[in-house]
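Residue-level listing of the chains:
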Amino acid sequence: MPAVSKGDGMRGLAVFISDIRNCKSKEAEVKRINKELANIRSKFKGDKALDGYSKKKYVCKLLFIFLLGHDIDFGHMEAVNLLSSNKYTEKQIGYLFISVLVNSNSDLISLINNGIKNDLASRNPTFMNLALHCIANVGSREMAEAFASQIPSILVAGDTMDSVKQSAALCLLRLNRTSPDLVPMGEWTARVVHLLNDQHLGVVTAATSLITTLAQKSPEDFRTSISLAVARLSRIVTSASIDLQDYTYYFVAAPWLSVKLLRLLQCYPPPEDAALRSRLTECLETILNKAQEPPKSKKVQHSNAKNAVLFEAIALIIHHDSEPTLLVRACNQLGQFLQHRETNLRYLALESMCTLASSEFSHEAVKTHIDTVINALKTERDVSVRQRAVDLLYAMCDRSNSKQIVAEMLSYLENADYSIREEIVLKVAILAEKYAVDYTWYVDTILNLIRIAGDHVSEEVWYRVIQIVINQDDVQGYAAKTVFEALQAPACHENLLKVGGYILGEFGNLIAGDPRSSPLVQFNLLHSKFHLCSVPTRALLLSAYIKFINLFPEVKPTIQDVLRSDSQLRNADVELQQRAIEYLRLSCIASTDILATVLEEMPPFPERESSILAKLKKKKGPGKVPDMDEARWNVNGNTEHSENTEPTNKSSPPSLVADLLPTNRPRPASYSPTILSAGNMAPSHPFTDLLNMNSSPATGANLLVDVLSDLSSPAPAPTTGPGPTDVCEEHFSRFVCKNNGVIFENQLLQIGLKSEYRQNLGRIYVFYGNKTSSQFLSFSSSVTSSDTLKTHILPLLRLLLTDLSVLKGILCLNVHTMPVDPTVEGGAQLQQILNIECLSDFSDTPVLNVEFRYGGTLQNIAVKLPVMLNKFFQPTEMTSEDFFQRWKQLGVPQQEVQTIFKAQHPMDTDVTNAKILGFGVALLSEVDPNPANFVGAGVIHTKNTQVGCLLRLEPNPQAEMYRLTLRTSRESVSQRLCDLLSEQF
Amino acid sequence: MIRFLLLFSRQGKLRLQKWFTPMTEREKKKITRDMTTMVLSRQPRSCNFLHWKDLKIIYKRYASLYFCLAIENGENELIALEVIHRYVELLDKYFGNVCELDIIFNFEKAYFILDEFLMGGEIQETSKQMVNRSIEASDMLQETMEEYMSKPAF
């Protein structure tokens, strides 16, 4: 049967390939290829018209050369010509060449499209398949535009051959992934769902892939697929007698289809219909039961296929997270696999258990396997299995076993592969902090980490230990003592020296009473390591020394001598030189009081998400660390300490301009010695922060310069012109009563927001997460608004725009490690800050436009930014008397807006309370005579005015209706607020 | 969804590449390099799965060739392993005891078979008989064509 033996054409190709293989060197190969290229070029250019066979042969040779890794810059046209050949074999090679070599933005696309069009219309199934394959392979936008409307009809037409249906389904799937907007839902969607009932299992398999992808995007449209999928699955899994013929793979019935159906069901919550639900449960139980049956074949393919279905079933059980018995059974099954002799199964069991550990029903059951997992960590030969074991230990850790797990991870760290050390370090640091019962254990653990794997301890880790020591009074003495002891070691890691220098500089006095750690001993200890370390560490130590001068006046002369020495004052490094000069001068001229004020102990750091957690999440990429909902949005990039994620001072919102200056940054972190020596010491920030000394990228002068230069450059052109077609507002209404969450998500990009508002000012942190593994190029974003918003509240818009440009400046600084052109790496996240000021009331919404290149195509996304009037609410508490007095004052008909509407969600009092509070007003209890009613009051702050608002919501549970009344001093405000709020219940 | 499939030899020579998402030549070369170094450095009898960026890499060695498949996170590793095996079976059936040389000299056939089996990164047809039938059908078309070419006077 092998066609090769049939003297299958193209002898010239075979000769050429063996010539290449016989080449002894790379040079010989290149020479042979160049010769061939010259030959082909002359043939193509020759006067003599080539016959189809020769054309095919040469195109095939070019393809071979290209696949060897050489560039091909001609022959495309000849390949396209082959498409119009009526000989299958030529057509086939033409299509192959195009699908391998033509990228999506080729100028030949229109010619190719022409060939495809003819083949699609040919009604010859073989030709149609070739054409559909080509569309799926190239998948460019131009192709999608040309064919997207045609393919659904091919797919659902009654007379289409099965093989063409399969190709059409998958072709449509591909187009939906690349250009979803061109594949609108329609009449065909319902008919696609019914393909799940098709007799041909190949068609069902292809259709299931398509439906799964579509259902992920619009679950509602495909809800009917649940029952069909369960029925289909049930027929495959539970009926033993059914003969699936060639779709049985090594005694397993249709494993691919089963896996796909189980994945489709993971797009939905458990079925609500009881009968359907029990039928599904029966399927899942059968699959679990089959795992216990003796294998029907010894072949690994049999067990792989069987277990593939089993793991997918377990994934569905975990996804539903609702049947405790199934969850526990799943956990037991995985527990068996943990000790299986197949490495693959051990790996997968560890991986699956990680997700199981986060379910409350099975967390305890997972924990019973701790010894096996620790054993895996110690004995597995394969590093990727060990890595899964580390992940699982991390996931199963809680207060009861944290000490054991941290100890095991630490001991593993000593021998761990370099590739995973940093991750383990982060994990240990997080667990130690999260489950620290006493902070002495925490300090010991982190110092151990530095001792064992100092090189892999990132800055975040040692910043964090310092933050914690500074914030926890009771551990400071212990920390000072411990670092002092650790520093005694003849060779200690530079990170330890940083921690040591910082802590002794702050709290060295706590151990100075002991003659063994007297001030001079402490100083000498630090200074003995000074010359061996890097510039940033030395800078930090110099700051520790000046702190010593304040803590211990008796060592002042010694330290002054050190500062005065040539190696400091004339150091080649400007930063060190400057510090030495300024500190020396400060210590000479300042009185003890001033010195004490300037060098006061660091105040506690504001509470916030652990920067280490952020780092781990970043490392893992989006969607990889469990329990990362809200917190994910805190990922701060690599200059954590110069970021301001916390509002400064609730009482006095900083002005927008002032906010850009580092002196007003909320963290007491950005004071460089320059500011100190300039006599510029504002009494409110008199301390020097050692940590920030080496954070050069975000210090004052640079920032300002960058901001200004950016302002003077042309604004980022927020055109309203030929922008994206659809503005996404899918999640918009969810943000009326909350400030954080995901506003947009597609396959490529996730946009999350975290916003905070104070009076008439707001700040939105926008997080762009690249969900793919490839880069986004030319990434840019701008904020635009509709015309009404422009004319009516133009100032607001203008502010948004100015700030965007300003913020771009900041962005450039923070991501200084990135290349100049805005690139978002695969899996990475980019943060942008928008500052907003509300000048007067408004009802329109700004739009965030995002543009970037992904895989050669320009992506254009527009999302409605959830900046609504109610965000500028300040709640007002008032008594019943006050409330009714004001209610009456606002009695003019234009001031009141009332609406009656049907409840769209269950009428739950707590939820309603939360929503009203989230809306921004104060919830007033005991005001309304009817306790079932909700009453609220607040003031909208705009720059020009303040508008007082009263609202009343009366539920009628019998009729499932609400009546909402709003009274404010302005008609437009009443109307807008009423519109916004009435959609929430 | 399958993102790409690579076949390479123990010496790291790429024998077949199929990309299911658009990518520049530079990216392709970089990924190929990453895959070959990563997979070839694995110890024998290690597990067949790796994490790489946000993808899962599934690989298996058949004689002198490594088959390496990248799937998206959250997809089923074991069934992907069997995708590789099914493809090997299809090649085997077509070439009769397939070896690396068959794939080198008949690379276009290897692509055609793959296209019958996978499309757009999803499995198109899992039945061996079905795939073979379409390959045979297209070979028949090929045969008549060759006959036609060798005997133009026919």
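Sequence positions are assigned chain by chain, starting from 1 and proceeding in written order. Throughout, the order in which chains and ligands are written sets their labels, letters from A for the former and numbers from 1 for the latter. Local features are withheld for residues below a pLDDT of 70 in this predicted model, meaning they are given only at 70 or higher, and side-chain atom pairs are given and counted only at 80 or more; totals for whole chains, interfaces and linings count all residues. Hydrogens and water molecules were not included; the side-chain quantities draw on all heavy atoms of the structure.

The name given to chain B in an unreviewed UniProt entry is AP complex subunit sigma, with Champsocephalus esox as the source organism. Comment text from UniProt for chain B, heading Subunit (unreviewed entry), reads "Adaptor protein complex 1 (AP-1) is a heterotetramer composed of two large adaptins (gamma-type subunit AP1G1 and beta-type subunit AP1B1), a medium adaptin (mu-type subunit AP1M1 or AP1M2) and a small adaptin (sigma-type subunit AP1S1 or AP1S2 or AP1S3)." UniProt positions are given in the numbering used here, feature names are shortened, and annotations may be inferred rather than shown by experiment.

As named in an unreviewed UniProt entry, chain A is AP-2 complex subunit alpha, taken from Champsocephalus esox. As stated in UniProt under Sequence similarities (unreviewed entry), the record for chain A gives "Belongs to the adaptor complexes large subunit family." What the UniProt record of chain A gives under Subunit (unreviewed entry) is the line "Adaptor protein complex 2 (AP-2) is a heterotetramer composed of two large adaptins (alpha-type subunit AP2A1 or AP2A2 and beta-type subunit AP2B1), a medium adaptin (mu-type subunit AP2M1) and a small adaptin (sigma-type subunit AP2S1)."

Concerning the overall build of chain B
Along chain B, the regular secondary structure elements total five helices and seven strands. Runs of E in the DSSP output that reach at least two residues are strands. Runs of H or I that reach at least four are helices, and both are numbered from the N terminus. In chain B, the succession of helices and strands from N to C terminus is β-β-α-β-β-β-α-α-α-β-β-α. Burial status follows relative accessibility: with a 1.4 Å probe on protein chains alone, a residue under 20% of its type maximum counts as buried, one over 50% as exposed, and anything between as partly exposed. Across the 154 residues that make up chain B, the buried fraction comes to 64%. The long-range fraction of contacts in chain B, counting pairs at least 24 apart against all pairs at least 6 apart in sequence, stands at 47%. Each accessible area is a Shrake-Rupley estimate made with a 1.4 Å probe; only the visible protein chains count as cover when residues are assessed. Working note: accessible area of chain B is about 6100 Å², and carbon and sulfur atoms make up 54% of it. Residue contacts are defined here by distance: any two heavy atoms, one from each residue, within 4.5 Å place the two residues in contact.

Topic: the overall build of chain A
Across its full length, chain A carries 42 helices and 16 strands. Counted over contacts in chain A with a minimum sequence separation of 6, partners at least 24 positions apart contribute 69%. Put simply, chain A shows about 41400 Å² of open surface, and 52% of that area lies on carbon and sulfur atoms.

What to know about the sheet that holds strand β5 (residues 65–72) of chain B
All names here are of chain B. Between any two strands, at least two bridges found by DSSP are needed for them to pair. Read from one edge of the open sheet, five strands run β2-β1-β5-β4-β3, paired in antiparallel fashion. Strands at the two margins of the open sheet, each flanked by one partner only, are β2 (14–19) and β3 (49–52). Neighbour-to-neighbour, the strand axes of the sheet open up by a mean angle of 20°, direction not taken into account. Relative to β5, strand β4 (residues 55–62) is paired through eight bridges, and the arrangement is antiparallel. Counted as the bridge partner of Ile 57 is Ala 70 from β5. Along the sheet face, helix α4 (residues 107–117) touches β1 (2–9) and β2 and points at about 35° away from the line of β2. Helix axes use the C-alpha atoms of the stretch in contact, all axes being lines fitted to C-alpha atoms, and the angles between their N-to-C directions lie in the range 0 to 180 degrees.

Thoughts on the interface of chain B and chain A
Contacts between chain B and chain A engage 74 residues on the former and 85 residues on the latter. The buried area of a pairing is the accessible area, by a 1.4 Å probe, that goes missing from both parts when the two are put together, added over both. Both faces combined, the contact of chain B with chain A buries some 6900 Å², and carbon together with sulfur accounts for 56% of it. When the buried area of chain B at its contact with chain A is split by residue, B:Leu78, B:Phe107 and B:Met119 rank highest and sum to 10% of it. The term salt bridge refers to a side-chain nitrogen of Lys or Arg lying within 4 Å of a carboxyl oxygen of Asp or Glu. Where chain B touches chain A, the interface holds four salt bridges. Here B:Glu122 ties to A:Arg177 by a salt bridge, and the two come within 2.9 Å at their closest N and O atoms.

What to know about the packing of helix α28 (residues 519–530) of chain A against helix α29 (residues 535–551) of chain A
Residue and element names in this part refer to chain A. Running from amino to carboxyl end, α28 crosses α29 at an angle of 165°, the nearest separation of the two axes being 11 Å. With respect to each other, α28 and α29 are oriented roughly antiparallel. Here the hand of the crossing between α28 and α29 comes out left-handed. Here Pro 519, Gln 522, Phe 523, Leu 526, His 527 and Phe 530 of α28 come into contact with α29, specifically with Arg 538, Leu 541, Leu 542, Tyr 545 and Phe 548. Every angle not falling under 35 degrees, over 145, or within 65 to 115 is termed oblique; those three ranges are roughly parallel, roughly antiparallel and roughly perpendicular. We call a crossing left-handed when the near helix sits turned anticlockwise from the far one by less than a right angle, and right-handed when that turn is clockwise.

Digging into helix α13 (residues 225–238) of chain A
The periodicity of an α-helix, 3.6 residues per turn, causes residues three or four positions apart to be oriented the same way. Residue and element names in this part refer to chain A. For a helix, the expected span equals 1.5 Å multiplied by the number of residues minus one. Between its terminal C-alpha atoms α13 stretches 19 Å, which fits the 20 Å expected from 14 residues at 1.5 Å a residue. Where burial is concerned, most of α13 is hidden: eleven out of the 14 residues are buried. What α13 keeps buried is the set Ser 225, Ile 226, Leu 228, Ala 229, Val 230, Ala 231, Arg 232, Leu 233, Ser 234, Ile 236 and Val 237.

Overview of the sheet that holds strand β4 (residues 740–745) of chain A
Residues and elements named next belong to chain A. Strand order in the open sheet made by the four strands is β4-β5-β6-β8, with antiparallel pairing throughout. The two strands at the open ends of the sheet, each matched to only one other strand, are β4 and β8 (829–837). Between one strand axis and the next, the sheet turns by 25° as a mean value, whatever way the strands run. Judged from the ten bridges that link them, strand β5 (residues 749–758) and strand β6 (residues 761–770) form a sheet pairing that is antiparallel. Within β6, the residue paired with Tyr 757 across the bridge is Gly 762.

A short note on the confidence of the model for chain B
Predictor confidence is given residue by residue as pLDDT, running from a minimum of 0 to a maximum of 100. Considering every residue of chain B, the mean pLDDT works out to 89; 92% of them sit at 70 or more. With a pTM of 0.66, the predicted complex shows an ipTM of 0.93.

Concerning helix α42 (residues 971–982) of chain A
Residues and elements named next belong to chain A. Here α42 spans 16 Å end to end across twelve residues, near enough to the 16 Å set by a 1.5 Å rise per residue. What α42 keeps buried is the set Val 973, Ser 974, Arg 976, Leu 977, Cys 978, Leu 980, Leu 981 and Ser 982. For α42, the secondary structure elements touched by its buried residues are β11 (873–875), β12 (896–902), α41 (909–919), β14 (934–941), β15 (946–956) and β16 (961–968).

A look at the pattern of salt bridges
A side chain of one charge can pair with a side chain of the opposite charge when the charged atoms of the two come close. Residues and elements named next belong to chain A. Under the criterion given, the structure shown has 45 salt bridges over all chains. A salt bridge links Arg 123 to Asp 159; its shortest N-O distance comes to 3.1 Å. Linking Arg 123 in the loop between α6 (109–121) and α7 (125–138) with Asp 159 in the loop between α9 (151–156) and α10 (162–178), this pair joins segments that are 36 residues apart in sequence. Each member of the pair Arg 123 and Asp 159 is classed as exposed.

Some details on empty space enclosed by the protein
The definitions used throughout rest on a 1 Å grid laid over the protein atoms alone, on which a cavity is an enclosed set of points accommodating a 1.4 Å probe that cannot get out and a pocket is an open set flanked by protein within 12 Å on both sides along at least five of seven lines; lining residues are those having an atom within 4 Å of a point. Grid points are joined across faces, edges and corners, and a volume is the space filled by probe spheres set on the points. Enumeration over the complete set of coordinates arrives at eleven cavities of 30 Å³ or more. Each pocket or cavity is described by its volume, and for the largest cavity that value is around 190 Å³. A:Lys260, B:Glu75, B:Ile79, B:Val83 and B:Glu122 are, among the 17 residues lining the largest cavity, the residues nearest its centre. Among the elements of the structure, α14 (255–265) of chain A together with β5, α2 (77–95) and β7 (122–123) of chain B are those that each provide at least two residues to the lining of the largest cavity. The element contributing the most residues to the lining of the largest cavity is α14(A), with four residues. Tallied by class, the residues present in the lining of the largest cavity amount to eleven nonpolar, two polar and four charged. Throughout this entry, Asp, Glu, Lys and Arg are counted as charged residues, while Ala, Val, Leu, Ile, Met, Phe, Trp, Tyr, Cys and Pro are counted as nonpolar. The remaining residues, Gly among them, count as polar.

Focus on the environment of A:Leu132
Looking at where A:Leu132 falls in the secondary structure, it is placed in helix α7. As a C-alpha pair, A:Leu132 and A:Asp119 span 13 residues in sequence and 9.1 Å in three-dimensional space. When neighbours within four sequence positions are excluded, A:Leu132 is seen to be in contact with A:Leu120, A:Ile151, A:Val164, A:Ser167, A:Ala168, A:Cys171 and B:Met119.

A word on a negative patch on the surface
In this scheme, patches are assembled from residues that exceed 30% relative accessible area and form no salt bridge. Like charges are connected within 9 Å, while nonpolar side chains (Val, Leu, Ile, Met, Phe, Trp, Tyr) are connected within 5 Å. As used throughout, the charge tally considers Lys and Arg to be positive and Asp and Glu to be negative, leaving His and the chain termini uncounted. By convention, charge coordinates are those of NZ in Lys, CZ in Arg, CG in Asp, or CD in Glu. A cluster of acidic side chains, namely A:Asp473, A:Asp474, A:Glu600 and A:Glu601, defines a negative patch on the protein surface. Secondary-structure assignment places A:Asp473 in the loop between α25 (459–471) and α26 (476–486).

Some points on the pairing of β4(A)
Residues and elements named next belong to chain A. As judged from the five bridges shared by β4 and β5, these two strands associate in the antiparallel manner. The partner of Gly 741 across the bridge, within β5, is Leu 753. Counting the residues between successive antiparallel strands, the hairpin from β4 to β5 contains three residues.

Quick look at the nonpolar core
Nonpolar cores are built from buried Ala, Val, Leu, Ile, Met, Phe, Trp, Tyr and Cys residues. Side-chain atoms within 4.5 Å join them into one set. Core analysis: the biggest nonpolar cluster contains 272 residues, and A:Ile112, A:Ile116 and B:Tyr87 have the highest contact counts within it. The dominant element in this core, judged by the number of residues it contributes, is α2(B), at twelve residues. When sequence neighbours within four positions are dropped, the list of residues in contact with B:Tyr87 reads B:Leu5, B:Leu7, B:Leu16, B:Phe67, B:Ala110, B:Ile113, B:Leu114 and B:Phe117. A:Phe735, A:Cys838, A:Leu953 and A:Leu977 belong to the second-largest nonpolar core, a separate cluster that totals 57 residues.

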